[in-house]
Amino acid sequence: MERTVSLQRNSLKAGQPPGSPFGGEPEDDDADVQEVEMVLETYFMHIDNTYNKLQTLTEYIDDTEVFRLHLKPFQKGFTALHP
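Note that this is a predicted model, so its numbers are computed, not measured. Per chain, residues are indexed from 1 in the order of the written sequence. Local features are withheld for residues below a pLDDT of 70 in this predicted model, meaning they are given only at 70 or higher, and side-chain atom pairs are given and counted only at 80 or more; totals for whole chains, interfaces and linings count all residues. Values reported for side chains reflect all heavy atoms of the structure, with hydrogen atoms and water molecules removed beforehand.

### A closer look at the overall build of the chain
Secondary structure elements follow DSSP: runs of H or I of four or more residues count as helices, runs of E of two or more count as strands, with numbering from the N terminus. Helix and strand content of the chain: one helix and zero strands. Going through the 83 residues of the chain one by one, you find that 6% of them count as buried. Here the term buried applies to any residue with accessible area under 20% of the maximum for its type, exposed to any over 50%, and partly exposed to those in between, with areas from a 1.4 Å probe on protein chains only.

### Some details on a nonpolar patch on the surface
The grouping of F67, L71, F74 and F78 at the surface amounts to a nonpolar patch, some 450 Å² of accessible area in total. Position of F67 relative to the elements: it lies in helix 1 (residues 26–81). A residue is classified by how much of its surface remains accessible, and F67, at 51% relative accessible area, is exposed. Patch members must show over 30% relative accessible area and no salt bridge, and they are joined within 9 Å when carrying like charges or within 5 Å when they are nonpolar side chains of Val, Leu, Ile, Met, Phe, Trp or Tyr. In this description, accessible areas are obtained by the Shrake-Rupley approach with a 1.4 Å probe, and a residue is regarded as covered only by the protein chains that are shown. The salt bridge criterion pairs a side-chain nitrogen of Lys or Arg with a carboxyl oxygen of Asp or Glu, the two atoms within 4 Å.

### What about a negative patch on the surface?
Together, E25, E27, D28, D32 and E35 line one region of the surface with negative charge. By the element assignment, E35 lies in helix 1. The charge count treats Lys and Arg as positive and Asp and Glu as negative. His and the chain ends do not count. A charge is said to be at NZ when it belongs to Lys, at CZ for Arg, at CG for Asp and at CD for Glu.

### Looking at the confidence of the model for the chain
Note: pLDDT gives the predictor's confidence per residue, expressed from 0 to 100. Looking at the chain as a whole, its pLDDT mean stands at 77, while 66% of the residues score no less than 70. Counting contacts from residues 1–17, a segment whose pLDDT is below 50, to residues more than four positions away or on other chains yields 23 contacts. Between two residues, a contact is recorded if the distance between any of their heavy atoms is within 4.5 Å.

Below, the structure written as C-alpha cells:
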C-alpha cells in the first residue's frame, strides 16, 4: 500500500512578521517541507507494517478457528478413550 503525501507551501501573506509560520526564506520553507514529508513517510511505513502484521494475525486466528471446527467431531472419540 503506497501512500504519497504532498504538502503545499503557504504563500507569504502581507502584514505578517518575518518569524511567523507564513514568513521566512523560501529555502527554509523547502527544507521544512522536506523534513515533514520524511517524517510522515516514516510514520506511514510504520503504520503499513503494523497493518500487515495485524492482517497476518487475523489470518492465523481464522485458520485456527477453521482447524478447531474440523477437529470438533473427533473430540467425543478422544474423550471416550481417556476418561
